[in-house]
Every structure is written in C-alpha cells, then in structure tokens.
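# Chain and residue survey
Listed below, chain by chain, are the residues.
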Amino acid sequence: MEKTIIAFQDVVKQYEDTQDAVLKNVSFEIEEGKFYTLLGPSGCGKTTILRMIAGFTEATSGDIFFNGKRINDVPANKRPVNTVFQDYALFPHMNVFENVAFGLKIKKLPKKEIEKKVIDALKMVQLAGYEDREINEMSGGQRQRVAIARAIVNEPSVLLLDEPLSALDLKLRTDMQYELRELQQRLGITFIFVTHDQEEALAMSDVIFVMNKGKIVQSGTPVDIYDEPINHFVADFVGESNIVAGTMVEDYRVEFVGKSFECVDGGMRPNEPVEVVIRPEDLSITTPEKGKLVVKVDTQLFRGVHYEIICYDADGNEWMVHSTRKAKEGSKVGLSFEPEDIHVMRFNESEEDFDARLESYEE
Ligand SMILES: Nc1ncnc2c1ncn2[C@@H]1O[C@H](COP(=O)(O)OP(=O)(O)O)[C@@H](O)[C@H]1O
Ligand SMILES: [Mg+2]
C-alpha cells in the first residue's frame with residue numbers, strides 16, 4: 001500500500017485584489033516516493049500550490065495535511081520539504097560548497113558531517129570536484145545541479161521543483177529530464193515538479209495533475225492523460241489533437257462529419273453531444289476510396305521524424321496527420337483510423353462537474 005504523504009482538502013486561495021479565486025477548492029493526495037507533476041498554462045495556480053506546501057503562502061480556506069497531520073499553521077522552516085526555484089536562487093558570493101552547505105550550517109551540524117553530506121549531494125548531481133568553483137563560473141545546467149544539490153542535502157521527504165528546467169536550452173533540458181527522473185528513483189523521495197511543458201510532464205512523471213484556472217481538471221498517469229483526456233482543454237493542452245464535434249448515438253457508436261463510426265467508448269446518454277479526439281499519429285493517409293474520411297491536403301511541414309500534414313474535410317474541420325510519407329498539397333486523400341483511436345469526450349468540464357452531471361442523468 002502506498003502511503004499518502006501530502007493531502008489538500010478543499011483548498012482555496014483568494015487574493016483581495018483579484019475577483020476570481022486563484023485556487024478553487026483544490027483537493028488531491030500525493031503518495032510517498034512518486035514523481036508528481038503539476039501541468040498547466042501560466043497563471044493557473046501551480047506555483048501557488050507549491051508555495052502552500054512549502055509554507056510560504058497561506059490557504060484562505062481548506063486543509064493541508066502532511067502524513068495525516070494538519071500543517072496549515074506549521075511555519076515553513078519546520079516543514080520537511082525543500083524547494084528548487086526557477087531562478088535557482090543561489091548565493092552569488094559563495095562557492096559551490098558554501099551554497100550547498102548553507103542550510104546545514106544554519107542547523108549547526110558538526111563540520112565533518114556537513115562536509116560528508118555536501119560531498120555526497122554533489123556526487124549525486126554529478127558535480128563531485130566542483131566544491132571550490134564560484135557560482136558565476138558555472139554554466140546554466142551546472143547551476144541547476146547546484147540548486148538541486150542544495151535542496152537534497154537536507155534530506156527532505158518531499159522535493160518541490162518549480163519549473164527548474166525552463167531556463168535551459170533544449171538539449172540540456174532533455175538531459176536534465178533524464179537525470180532528475182533518475183535521481184528521484186535513486187533517492188526514492190517524493191518529487192512535486194511544476195511545468196507548463198506537456199512533453200516534459202509526459203516524459204518524467206508517475207502522476208500528472210493537469211490544471212486550468214485554479215482547478216485540477218484531470219489527474220492520472222501520463223498514458224491515462226494522453227489516451228483518455230477528459231475534456232477539450234486537456235486534449236488540446238496535452239499533445240497535438242484533432243477535436244471535432246460529434247454525437248454519441250449509442251454505446252460504441254459515434255457520429256461526426258456526417259458519418260457514423262464504431263468506437264470503444266460507452267456509458268453516455270443516447271445522442272449525447274460530445275467532442276471527438278483523434279491524435280495526429282493515429283491517422284494514416286490512404287486513397288479516398290479506402291479512407292473513413294475524405295479530406296483535402298492543405299499544407300505540410302517536415303518535422304524531423306515525420307511530416308506534419310494539415311488537411312480539411314468537407315465541413316471545414318482541420319485534421320493534422322503525422323506521417324512518415326509526404327502527401328501532395330491540394331490532393332484529395334482518405335484518412336484511416338481504428339475504433340480505439342477515437343476518443344470521445346463530454347463537453348469541457350472538470351471531473352467534479354462531470355460526475356455531478358452523470359449523477360443527474362441517473363436520477
Ligand atoms: N501576491 C499575489 N497577489 C495577487 N495575485 C497573485 C499573487 N500571487 C499570484 N497571484 C495570481 O495567482 C494566479 C496564479 O499564479 P501562480 O500560482 O503563480 O501561477 P502559475 O505558477 O501556474 O503560473 C495568477 O493569476 C497570479 O497573477
Ligand atoms: Mg509558476
């Protein structure tokens with residue numbers, strides 16, 4: 001059984017000078033030892049959640065638990081968490097050793113012990129031997145590692161990471177994604193990572209919380225979220241999607257673009273209006289006769305591993321196709337896909353609204 005380490009219950013954050021609450025009745029549980037990601041567009045409340053866990057921001061209402069104990073009133077320095085900030089917040093006038101040792105010195109640990117812990121932490125982030133370097137002699141990626149070493153040296157139960165990779169270039173960023181994931185598994189501590197980058201979230205996490213406008217709209221494994229987006233927002237935000245309006249005629253049968261298709265979803269009202277998602281990589285191009293849909297090729301771009309081909313159907317819906325083969329611009333082609341490639345979603349609503357609506361049908 002996994003143990004719950006952090007829980008939020010109906011947490012609200014309301015600033016006086018803003019009309020809308022920044023967090024709206026947010027509830028979730030974090031299990032020990034896993035890699036969690038808060039994913040959402042800028043301004044959706046990710047940093048606010050981290051700051052509340054760390055104790056830098058107070059909740060307006062609701063409860064925050066750590067190992068089952070309510071911690072709303074526990075000061076930041078008494079919480080077993082550490083934060084890696086976006087801008088690293090290193091001390092520029094101290095060298096690498098001093099930066100990492102800082103927290104331990106404040107705790108007045110014996111000198112020998114500090115030394116051992118700092119060296120271990122630097123080893124962990126592959127910076128052994130860099131103890132005497134000045135911060136301004138380090139590259140962006142190395143500073144990032146110093147910031148991580150400084151956080152893990154305190155042996156926190158939970159490490160909070162607020163967009164720690166966003167200042168790095170693409171190559172380094174990908175390297176650091178692997179490293180962080182590996183480090184989390186090695187240390188076995190709980191990571192709560194914040195990003196607005198969906199690829200990063202999919203690559204690194206055990207569990208993703210997708211956020212929008214102060215709410216968690218969906219939570220699940222990367223595969224759950226990618227394959228079964230709960231609504232338009234998630235489908236659109238996580239990965240490239242083709243989204244069209246449709247009607248769920250009956251279980252396992254959906255209509256869109258004036259045609260009827262077999263699918264694998266059920267459990268909705270007959271003729272419930274829905275949105276249909278098909279991922280670009282699940283579409284393949286065939287002849288108009290063989291295709292389930294007929295579309296006209298508009299433009300294409302080579303993306304390194306595939307062509308990104310934009311087509312339009314007779315209703316004017318756009319269809320993006322990822323294909324390893326080129327198509328001819330202006331030509332009519334068929335699109336083929338399988339029943340399991342069709343993802344049917346109810347209209348844009350959170351898990352709570354969705355459950356409430358489902359209940360209202362059952363009454
Ligand atoms: N001190 C503050 N006073 C008023 N509004 C704030 C304050 N801090 C953050 N906000 C607002 O709260 C919302 C969420 O911010 P934040 O949690 O930083 O979002 P994210 O990290 O997802 O980009 C934003 O609209 C932001 O402007
Ligand atoms: Mg933020």
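Treat the numbers as computed from the prediction; the structure is a model and nothing was measured.

## Digging into the domain arrangement of the protein chain
Where interface size is quoted, it is often the accessible area lost as the parts come together. Domain boundaries assigned for the protein chain yield domain 1 (4-227), domain 2 (240-279 + 337-363) and domain 3 (284-336). Here domain 1 and domain 2 have C-alpha centroids that lie 37 Å from each other.

## Regarding the sheet that holds strand β18 (residues 318-323)
Taken together, the five strands give an open sheet; going across it, the order is β15-β19-β16-β17-β18, and neighbouring strands pair in antiparallel fashion. Pairing within the sheet leaves two strands with one partner each, and these edge strands are β15 (284-286) and β18. The average angle at which neighbouring strand axes cross in this sheet is 50°, direction not considered. One ladder, built from six bridges, connects strand β17 (residues 307-313) with β18; its direction is antiparallel. When the sheet's bridge partners are listed, Glu308 is paired in β18 with His322.

## Quick notes on the sheet that holds strand β20 (residues 343-345)
Strand order in the open sheet formed by five strands is β13-β12-β11-β14-β20, and the pairing between neighbours is antiparallel. Edge positions in the open sheet fall to β13 (259-262) and β20, since each of these has one partner strand only. Pairwise comparison of adjacent strand axes, ignoring direction, gives a mean angle of 40° for this sheet.

## Here's the deal with the pattern of salt bridges
Across all of its chains, the model carries 16 salt bridges by this definition. Between Glu155 and Lys117 there is a salt bridge whose closest N-O contact spans 2.9 Å. Of this pair, Glu155 sits in the loop between α4 (140-152) and β7 (158-162) while Lys117 sits in helix α3 (residues 111-124); the two residues are 38 residues apart in sequence, bridging distant segments of the chain. For Glu155, a relative accessible area of 56% translates into the label exposed. When its relative accessible area of 21% is taken as the criterion, Lys117 is described as partly exposed. With a shortest N-O distance of 3.0 Å, Glu200 and Arg173 are connected by a salt bridge. A residue pair is termed long-range when its members are at least 10 positions apart, and Glu200 in helix α6 (residues 198-204) and Arg173 in helix α5 (residues 170-187) qualify at 27 residues. Taken as a pair, Glu200 and Arg173 share a single burial class, namely buried. Among the ionic contacts, a cluster of salt bridges with common partners joins Asp63, Arg70 and Asp73.

## Describing the site of ligand 1
Tyr15, Asp17, Val22, Pro41, Ser42, Gly43, Cys44, Gly45, Lys46, Thr47 and Thr48 make up every residue found near ligand 1. Contacts to ligand 1 include Lys46, whose side-chain N or O atom sits 2.9 Å from an oxygen atom. Its free accessible area being 570 Å², ligand 1 has 60% of it covered by the protein chains. Its residues assigned to classes, the shell around ligand 1 comprises four nonpolar, five polar and two charged.

## Here we look at a negative patch on the surface
A contiguous patch of negative charge, built from Glu98, Asp132, Glu134 and Glu137, is present on the exposed surface. Position of Glu134 relative to the elements: it lies in the loop between α3 and α4. Take Glu134: its relative accessible area is 30%, and that puts it in the partly exposed class.

## Thoughts on the layout of surface pockets
In this model, the largest pocket occupies a volume close to 600 Å³. If you trace the largest pocket, you find 21 residues lining it, with Asn77, Val81, Asn82, Gly103 and Asn154 closest to the centre. Within the residue set of the lining of the largest pocket, elements represented by two or more residues are β6 (81-84), α2 (96-106) and α4. Among the elements that line the lining of the largest pocket, the one with the most residues is α2, at four residues.

## What about the packing of α2 against α3?
When two helices pack together, you describe them by how their axes are tilted relative to each other and by the distance separating the axes. Following both chains from N to C, one finds α2 and α3 inclined at 125°, their axes separated by 10 Å at the closest point. Classified by the angle their axes make, α2 and α3 are oblique. Considering only the axes of α2 and α3, their crossing is right-handed. Together, Val96, Phe97, Val100, Ala101, Leu104 and Lys105 of α2 and Ile114, Glu115, Lys117, Val118, Ala121 and Leu122 of α3 make up the contact between the two elements. Each residue belonging to the contact of α2 with α3 can be placed in one class, and the counts come to nine nonpolar, no polar and three charged.

## Thoughts on the side chain of Glu163
Along the polypeptide, Glu163 turns up in the loop between β7 and α5. One buried charged side chain, Glu163, makes no salt bridge at all; its nearest oppositely charged neighbour is Lys46, positioned 4.0 Å away. In this view, Glu163 contacts Lys46, Gln86, Val194, Thr195 and His196; residues no more than four positions away in its chain are not counted.

## Some points on empty space enclosed by the protein
Counted by the stated rule, this structure contains one cavity of 30 Å³ or more. Approximately 80 Å³ is the volume found for the largest cavity. Lining the largest cavity are Met124, Val125, Gln126, Arg145, Ile148, Met176, Glu179, Leu180, Glu182, Leu183 and Arg186. Examining the composition of the lining of the largest cavity, we find that six residues originate from one element, α5, more than from any other. Of the residues in the lining of the largest cavity, the class split is six nonpolar, one polar and four charged.

## What about the nonpolar core?
One finds Val100, Val118, Val146, Ile148, Leu159, Leu180 and Phe191 to be the most contacted residues of the largest nonpolar core, which totals 35 residues. Mapped by element, the contributors of at least two residues to this core are α2, α3, α4, β7, α5 and β8 (190-195). Of all the elements, α4 adds the most residues to this core, at six residues. Apart from residues lying up to four places away in sequence, Val100 is in contact with Val118, Ala121, Leu122, Val146, Ala149, Arg150 and Val153. Within the second largest apolar cluster, 29 residues are counted, among which are Val26, Ile30, Ala54 and Val194.

Cut-offs applied
Residues numbered from 1 in each chain as written. Chains lettered and ligands numbered in written order. Predicted model: local features only at pLDDT ≥ 70, side-chain atom pairs only at ≥ 80, totals over all residues. Heavy atoms only, no water. Domains from an automatic or database assignment. Pairing = 2+ DSSP bridges. Helix = DSSP H or I, 4+ residues; strand = E, 2+ residues; numbered from the N terminus. Axes fitted to C-alpha atoms, helices over the stretch in contact; angles between N-to-C directions. Salt bridge = Lys/Arg side-chain N within 4 Å of Asp/Glu carboxyl O. Buried < 20%, exposed > 50% of the residue type's maximum accessible area, 1.4 Å probe, protein only. Near = heavy atom within 4 Å. Polar contact = N/O pair within 3.5 Å; in protein donor to acceptor, adjacent residues only side chain to side chain. Areas by Shrake-Rupley, 256 points an atom, 1.4 Å probe, with all protein chains shown as cover. Nonpolar A, V, L, I, M, F, W, Y, C, P; charged D, E, K, R; others polar. Patch = residues over 30% accessible without salt bridge, like charges linked within 9 Å, V, L, I, M, F, W, Y side chains within 5 Å. Lys, Arg positive; Asp, Glu negative; His and termini not counted. Charge placed at Lys NZ, Arg CZ, Asp CG, Glu CD. 1 Å grid on protein atoms, 1.4 Å probe; cavity = no way out; pocket = protein on both sides within 12 Å on 5 of 7 lines; lining within 4 Å. Points joined across faces, edges and corners; volume = space filled by probe spheres on them. Parallel < 35°, antiparallel > 145°, perpendicular 65-115°, else oblique. Left-handed = near helix turned anticlockwise from the far one by under 90°. Contact = heavy atoms within 4.5 Å. Core = buried A, V, L, I, M, F, W, Y, C linked by side-chain atoms within 4.5 Å.

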